[in-house]
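Observations on chain architecture
The primary structure of each chain is shown beneath.
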Amino acid sequence: MFMAFGASEQREQDKFEQLYLTYRQVMFNVANSILKDPQLAEDAVHQAFMRILNHLEKISEVDCPKTKSFVVIIVKNISINLYNSRKRRTVLSLDELENWTMDAGASPQKQVEDREGEMELAALLERMPEGYRSVLLLKYDNGYSTGEIADMLGLSEENVKKRIQRARKKLEDLLQKEVSLS
């Protein structure tokens with residue numbers, strides 16, 4: 001039986017296909033940089049596209065910085081969740097050690113400490129409210145200005161500045177709790 005798509009359904013399908021073609025490789029690279037496992041990275045990208053499909057109406061333009069940031073944040077959060085669920089153990093495999101980008105001047109102990117710090121920070125970010133985590137990632141990980149973040153999120157610059165300030169304070173509080181528990 002032949003089923004015809006309505007004009008709006010066809011536009012949504014075309015938009016989704018364009019998103020996939022435009023961002024699949026970027027999303028895979030982001031996921032793989034976190035997970036260090038191509039199969040898990042593919043899973044993360046798939047999950048991200050399923051989540052994007054549920055929010056397709058929020059995307060007005062496919063090829064724009066706001067959309068790129070949106071898809072990157074989604075795949076990043078999914079990848080961090082997968083990473084944290086997979087990395088509950090503290091033992092590191094030789095394969096993981098081999099995949100690290102080593103600072104040639106740093107001692108192996110310093111490199112392990114740096115990597116542990118990165119994993120702790122990722123875990124702390126995961127525990128933060130989504131609004132705080134997103135502005136921190138957009139600002140410090142993606143390098144967007146306060147004005148660009150305000151445009152992406154539909155907020156005033158003052159609101160974004162305040163969110164960043166509160167997010168940093170929340171992150172400091174979480175870090176202090178972690179240190180006091182150690």
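Residues numbered from 1 in each chain as written. Predicted model: local features only at pLDDT ≥ 70, side-chain atom pairs only at ≥ 80, totals over all residues. Heavy atoms only, no water.

A short note on the overall build of the chain
Note the following rule: Helix and strand definitions follow DSSP, with helices as H or I runs of at least four residues and strands as E runs of at least two, each counted in order from the N terminus. Contacts between residues were defined by any pair of non-hydrogen atoms, one from each residue, lying within 4.5 Å. Note on areas: Shrake-Rupley with a 1.4 Å probe; residue coverage comes only from the protein chains shown.
Each helix and strand counted, the chain has 8 helices and 0 strands in total. For the chain, the α and β elements follow one another from N to C terminus as α-α-α-α-α-α-α-α. For the chain, contacts bridging at least 24 residues in sequence account for 66% of all contacts bridging at least 6. For the chain, the accessible surface area stands at approximately 11,800 Å², while carbon and sulfur atoms represent 53% of it.

Quick word on the packing of helix H7 (residues 146-153) against helix H8 (residues 157-181)
This is how it is decided: To obtain each axis, a line is fitted to C-alpha atoms, and for helices this fit is confined to the stretch in contact; angles are then taken between N-to-C directions over 0 to 180 degrees. We call two directions roughly parallel when the angle between them is under 35 degrees, roughly antiparallel when it is over 145, roughly perpendicular when it lies between 65 and 115, and oblique otherwise. In this classification, Asp, Glu, Lys and Arg are treated as charged, Ala, Val, Leu, Ile, Met, Phe, Trp, Tyr, Cys and Pro as nonpolar, and every other residue, Gly included, as polar.
Packing of H7 against H8 brings their axes to within 8 Å, and their N-to-C directions diverge by 105°. In terms of axis orientation, H7 runs roughly perpendicular to H8. Judged by residue contacts, Thr146, Gly147, Ile149 and Ala150 of H7 engage Glu157, Val160, Lys161 and Ile164 from H8. Here the residues of the contact of H7 with H8 are counted per class, giving 4 nonpolar, 2 polar and 2 charged.

Description of the pattern of salt bridges
Quick note on the threshold: Each reported salt bridge corresponds to a side-chain nitrogen of Lys or Arg within 4 Å of a carboxyl oxygen of Asp or Glu. Exposure is judged per residue with a 1.4 Å probe applied to protein chains only, and the accessible area is read against the type maximum: over 50% gives exposed, under 20% gives buried, and values in between give partly exposed.
Summed over all chains, the structure comprises 4 salt bridges. Among the salt bridges present, the one from glutamate 158 reaches lysine 161, with a minimum N-O distance of 3.6 Å. Taken together, the positions of glutamate 158 and lysine 161, both in helix H8 and 3 residues apart, correspond to about one turn of that helix. Residue classification places glutamate 158 among the exposed positions, given a relative accessible area of 55%.

So, the environment of alanine 123
For alanine 123, the position within the fold is in helix H5 (residues 108-127). Considering only alpha carbons, one finds alanine 123 and isoleucine 80, 43 residues apart in sequence, at a separation of 7.8 Å.

Concerning the packing of helix H6 (residues 130-141) against H8
Contact pair H6 / H8: the axes reach a minimum separation of 9 Å and the direction vectors enclose 105°. Here H8 runs roughly perpendicular to H6, going by the angle between their axes. Only Arg163, Ile164, Arg166, Ala167, Arg168, Lys170 and Leu171 of H8 make contact with H6, whose side of the interface consists of Gly131, Tyr132, Val135, Leu136, Lys139 and Tyr140.

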